[in-house]
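One-letter residues, chain by chain:
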Amino acid sequence: LDSEKCMSLPQETHHTYDDKFRLVECCSVLTMASHWTCLEPLGLTKEALMEAKDWVDGNAEVTLRFRANQRCEFLREETREVEEPSCGSL
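Peer 1: Lay out the pattern of salt bridges in plain terms, naming residues and giving numbers.
Peer 2: Overall, the coordinates contain 2 salt bridges when judged by the stated rule. Of the charged contacts in the structure, one is a salt bridge between D57 and K53, with a shortest N-O distance of 2.8 Å. With D57 and K53 both in helix 2 (residues 46-57) and 4 residues apart, the pair spans about one turn of that helix. A salt bridge links E78 to R76; the shortest N-O distance between them is 3.1 Å. For the pair E78 and R76, one class covers both residues: exposed.

Peer 1: Talk me through the environment of T37; I want residue IDs and the actual numbers.
Peer 2: Of note, T37 is situated in helix 1 (residues 17-39). For T37, the side chain forms a polar contact with the main-chain oxygen of A33, separated by 2.8 Å.

Peer 1: Now, about a nonpolar patch on the surface: what can you tell me, with residues and values included?
Peer 2: On the surface, L42, L64 and F66 cluster together into a nonpolar patch covering about 290 Å² of accessible area. Looking at the element boundaries, L64 is found in the segment after helix 2. A relative accessible area of 45% places L64 in the partly exposed class.

Peer 1: Which residues make up unusual backbone geometry, and what are the values?
Peer 2: A positive phi angle, near 65°, is found at N59, a position not held by glycine. Overall, the relative accessible area of 74% leaves N59 in the exposed class.

Peer 1: Got a sec to walk through helix 2? Specific residues and values, please.
Peer 2: Here helix 2 contains 12 residues, and its C-alpha end-to-end distance of 16 Å stays within 8% of the 16 Å for a straight helix at 1.5 Å per residue. Phi for N59, located one or two positions after helix 2, is positive at around 65°.

Each value, and the rule that gives it
Residues numbered from 1 in each chain as written. Predicted model: local features only at pLDDT ≥ 70, side-chain atom pairs only at ≥ 80, totals over all residues. Heavy atoms only, no water. Salt bridge = Lys/Arg side-chain N within 4 Å of Asp/Glu carboxyl O. Helix = DSSP H or I, 4+ residues; strand = E, 2+ residues; numbered from the N terminus. Buried < 20%, exposed > 50% of the residue type's maximum accessible area, 1.4 Å probe, protein only. Polar contact = N/O pair within 3.5 Å; in protein donor to acceptor, adjacent residues only side chain to side chain. Patch = residues over 30% accessible without salt bridge, like charges linked within 9 Å, V, L, I, M, F, W, Y side chains within 5 Å. Areas by Shrake-Rupley, 256 points an atom, 1.4 Å probe, with all protein chains shown as cover. Expected span 1.5 Å × (residues − 1).

Quick look at the structure:
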């Protein structure tokens, strides 16, 4: 565990050929997880993502398009009386 706490750049670290692939795989998984974290709250479902993956596997070009609706609703009218500050409190 202690050896993994020492951060270094890949080009400055002794490694095997397989380590390069593991590094790329970890970065790719983190990238996909990051994208999923952003897209899921926007309404992208796992089923839609898998369908898009099938299209990509079939060499189709895929574009994601999102629609949003925003509404403004009147809640209440409120009146307040505010006293003017006195000259001594400036």
